[in-house]
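# Reading the structure
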Amino acid sequence: MISSYKTLNRVLVAGTAIAIALLYLFPLFARTTNNPSYYLQIVSVALCSAILTISLNICMGYGGLMSLMHTGLQMMGGYAVAILTLNHHWNGWLALVMAIVVGAVFAVLVILLSLRATYLYFGMITLAVNLIAMEAIRQGGSFTGGYNGLIGVMAPGITTTMMTPQAFYVFLLTILIGVYVIQRNLVFSGFGRNTMALRESPETATALGISPNVHRVKIFAVSGALAGLAGGLLSMQLGYAMSEIGDLGSGLIFFVGLFLGGISTLAGPIIGVAVVATIAFLIRGTAQYNTLVLGGLLLLCMVVLPRGVVGMYRYSRFGSPHVREFDQAEIDSFQLDISVKDVVKNQILLESHDLAKHFGGIHAVDGVSIVFRSGEVHGIIGPNGSGKSTLISCLTGYYPLTAGSVEILGNPAPKKPFLISRLGVTRVFQIPHLFERESVLDNVLTGMYRRDRYSIFDAIFRTPRYRKANARSTEEARALLALAGLLNQQDLTAGSISHGQKRLLEVVRAVATQPKILILDEPATGLRQDELDVLKGLISRLAKEGMSVVLIEHNVDFLMNLADIVTVIESGKVIAEGTPMEVQKNEKVLDAYLGRTDFSKELA
Amino acid sequence: MDLQIWVEGLYIGSVYALIALSMTVVYQPTRIMNFAQGEGFVLGAAIGYQTIGVWHWPVWQAGAALILLAMAMGYVMERMVMLPVQLSGNRFAWIIATLAAALIFQSLFNLPYANVTFGYFEFFKTRANIFGAHIAMQKILVFTFMVFAAVFYDQLLKRTLWGRSIRAVAHNNDTSIILGIPTKLVIKVAFISGTVLIACAGFLAAPVIIVAPASGLFFTIQGFTAAIIGGVGSPKGAVAGGLMIGILDSVVRSSLGGTWGVFSTVMALALILVVRPNGFFGKRVVGR
């Protein structure tokens, strides 16, 4: 199996190399035809389309942002080049750089304006922006050339004033390869993981300390920059900039390409555009049916090939990731330092004073004062609906407080969940919130978000700083997985492992954020005995290292063995607090539970 | 400010309100904002142009053709949108599918009518005089139709079993199936009735508004803006939002020029999304 995987991989690598070589040699083939410049033009335009489709893939496929203004960004990049070179006689190279800047700045402006609407409306807003941008260009008078556009844009030259079409073709192809590499580096970096985490589940990503808005703005800026670049290159290739370039109908090719090739895959955009460009070439005689054919193809492709060509391959037996097996010696060799820094024994890490949360007339939490200390396993129990989870949501900033206050490390707690998380309070939800389409290892790496000390540029260009940080995080993530016995699953997607493994993985991911306080909401639910033992070992180890572990549990046996201190909550109030022994003898607790056979039995 | 401009704004607003209303009809059970909805408007205008303008059919005959073709379009649209949405599993499926449907219909309209504007003669050539503002009876007809359609749909949602089914499908498709609600039928009927509604609007309004084969997306955007400002999913919101941007558009257009009219509606949209993301009458939106 492994050897066949390797063979297939080699075939793919060799095929790609041959394809790239053939593409570089294409101008020579074109020369043998009766109309070399025509064929060269067709392939060059397809190369520009591929760059734009990659840009679209970055924001839609990986960023989870539906953009309908990429044709508009392309148009603006084209106009930036045209206006600067024709009206202001700028150097072509500088104009190209400005096209990138224009694309990025415009994208940032649009997303800043619509941050509150990223989910449902963002696509619609971008569509409206696209229409307006086109209208503005058309009404731009002599500045933009109005309906006629600006004609006479030239490719930049190195020694001469202008590159030959052949040289420009080679330049385009090189840029496309560069853009592909940028996409790959971005996707595999910590930044890419975080963005995908946000796409999968904004709630969980926030719990890990990832700021949703910062990531969305950044990824859209990168995407806009690449779209501006594609537009600048296209206008140089075509020799003009026109408002029609911004038309959504002419942008259909990008969507078809993306969905046909496979959205959220690296090679999908390029393969998809290659197929669509070939189809468009074959039906070139009947241009009025172009939109009809492409639109129909898009719908058909969504029905028949929902993951696209590359996506289908990835999900097939051949394309699924190869699982690396670790032997016991390797697993044992991982050294890990998970001790909590900057805290002393029994330090108060988090405390609440008379915390209350009312939903209308329901007092879900009604004056709770609670203290979490370092090195302590703090159990919270209470009947269903007693307000345990609400209490946690209040402590971690997911609900605004009705009354009372929360202090973290002696300071008032910030309002936003991701800011609280950054102070070292990490929460694991009651139902598994994994990034199911990401690998197990990537899930843990996402938790290491706050350790990454490199910028998005470091990631794109893989600077030494990025490489060092990435190697270190990967090593640490593996060590954490080894601790939970999940090392052999590291390359599987998180959606494909068992329920118990998922729960353990979630705890591991939370530990990866280097929390001072780890809040686990019913982690033992549905775990097998051996998995319970691993979890128990993990929790004791964390507490020994100085972490404050908060455990909300229904499994009383599990809790009583593990907890140093137990708080019992009923109807939003604390009715008892103390060591497990004290609590079990407490009159009030027995009173509260005696009527409930399920609990009195478990307590007995 | 000239009264004529305000009356004009009310009329344009009622067109936008009708589009927003038909988008609401589709949105209610499916939670899909249909990009192809504006194509129904173009269909209505095209049928009016062809049957009454070119073939000189009597109005009732044209109306019958209109309703039949609009039903057919609604059915086709439902298949074009719902199949990809159900089968692709991509979270953007609805937006891509409705957009593709819109572009397909647009290119179909472009085949026979490439350079045509669908104006045909008015049903009523008379003009009413309201406080000194002259207004074509045709425009009053559009406004009246809008009010009736909105009230009818609002009451349907609130008072009938069918209306409750629509809301149930919107909230939870699986539960609705368990409760015996024919969810697929509810969705089909929503697409068909939404398309008939908007096609009637196009048919009635074509003589007094500029409709070209490619203007479907423009009307979709206006209707969408109206729906957001009013609050997505609410018939009242559709009417209020439509009238608001109609008046805004008309006032700005007359004082600053045509391009600014479009700008002003988008600015209003941006403003409302920042200040009050759920619109004036909307509940919290749970999207697909």
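Please read these numbers as outputs of a predicted model, since none were measured by experiment.

Residues and elements named next belong to chain A. It is the contact of helix H2 (residues 36-62) with helix H10 (residues 252-261), at a shortest axis distance of 9 Å, that shows an interaxial angle of 65°. Overall, the two elements H2 and H10 adopt an arrangement that is roughly perpendicular. The way H2 lies across H10 gives a crossing that is right-handed. Note on element contacts: H10 touches H2 through Ile253, Phe254, Phe255, Gly257, Leu258 and Phe259, opposite Ser49, Leu52, Thr53, Leu56, Asn57 and Met60. The residue inventory of the contact of H2 with H10, partitioned by class, reads 8 nonpolar, 4 polar and no charged.

This paragraph deals with the pattern of salt bridges. Note on pairing: side chains with opposite charge can pair once their charged atoms come close. All names here are of chain A. Under the defined criterion, the tally for this structure stands at 16 salt bridges over all chains. Note that Lys573 and Asp366 form a salt bridge whose closest N and O atoms lie 3.1 Å from each other. With a gap of 207 residues between them, Lys573 in strand E12 (residues 573-578) and Asp366 in strand E4 (residues 362-373) connect regions that are remote in the sequence. Here Asp366 falls in the partly exposed class, since its relative accessible area comes to 22%. Arg528 serves as the salt-bridge partner of Asp530, at 3.2 Å between the closest nitrogen and oxygen. Each of Arg199, Glu200, Arg437 and Glu438 takes part in salt bridges that share partners, so that together they form one network.

Right, let's get into the interface of chain B and chain A. A common way to state how big an interface is: give the accessible area lost once the parts meet. The interface is formed by 39 residues belonging to chain B together with 40 residues belonging to chain A. Here chain B meets chain A over a buried area of about 3,700 Å², counting both sides, of which 82% is carbon and sulfur. Summed over the three residues of chain B that lose the most area to chain A, namely Arg91(B), Phe92(B) and Ile96(B), the buried surface amounts to 16% of that side. Applying the counting criterion to the chain B and chain A interface returns 0 salt bridges. Looking at the side of chain B that touches chain A, the elements that each hand over two or more residues are helix H3 (59-88), helix H4 (93-113), helix H9 (216-230) and helix H11 (258-275) of chain B.

Quick look at the environment of Ile539(A) now. All names here are of chain A. Within the fold, Ile539 resides in helix H21 (residues 529-544). Classification of Ile539 as buried rests on a relative accessible area of 0%. Remark: the alpha-carbon pair of Ile539 and Leu22, spanning 517 residues in sequence, is separated by 57 Å. Residues contacting Ile539, with those up to four places away along its chain left out, are Val377, Leu520, Val549, Leu551, Phe558 and Leu562.

The next subject is the domain arrangement of chain A. Residue and element names in this part refer to chain A. Taken as a whole, chain A is organised into domain 1 (1-32), domain 2 (44-247), domain 3 (248-320) and domain 4 (348-438 + 500-603). The centre of domain 2, based on its C-alpha atoms, is set 47 Å off from the matching centre of domain 4. Interface of domain 2 and domain 4: buried area, both sides summed, is about 1,300 Å²; carbon and sulfur atoms make up 61% of it. Of all residues in domain 2, Glu200, Ala207 and Leu208 give up the largest surface area on contact with domain 4, accounting jointly for 38% of the area buried on that side. Counting every contact that joins domain 2 to domain 4 gives 2 salt bridges. Note that Arg199 is salt-bridged to Glu438, the shortest N-O span being 3.4 Å. Where domain 2 meets domain 4, there are 4 residue pairs in polar contact (both at pLDDT 80 or more). Elements with a minimum of two residues in the side of domain 2 that touches domain 4: helix H7 (190-200) and helix H8 (202-207). Residue classes in the side of domain 2 that touches domain 4 are distributed as 7 nonpolar, 5 polar and 3 charged.

What counts, and at which threshold
Residues numbered from 1 in each chain as written. Chains lettered and ligands numbered in written order. Predicted model: local features only at pLDDT ≥ 70, side-chain atom pairs only at ≥ 80, totals over all residues. Heavy atoms only, no water. Axes fitted to C-alpha atoms, helices over the stretch in contact; angles between N-to-C directions. Helix = DSSP H or I, 4+ residues; strand = E, 2+ residues; numbered from the N terminus. Parallel < 35°, antiparallel > 145°, perpendicular 65-115°, else oblique. Left-handed = near helix turned anticlockwise from the far one by under 90°. Contact = heavy atoms within 4.5 Å. Nonpolar A, V, L, I, M, F, W, Y, C, P; charged D, E, K, R; others polar. Salt bridge = Lys/Arg side-chain N within 4 Å of Asp/Glu carboxyl O. Buried < 20%, exposed > 50% of the residue type's maximum accessible area, 1.4 Å probe, protein only. Buried area = accessible area lost by both parts, 1.4 Å probe. Domains from an automatic or database assignment. Polar contact = N/O pair within 3.5 Å; in protein donor to acceptor, adjacent residues only side chain to side chain.

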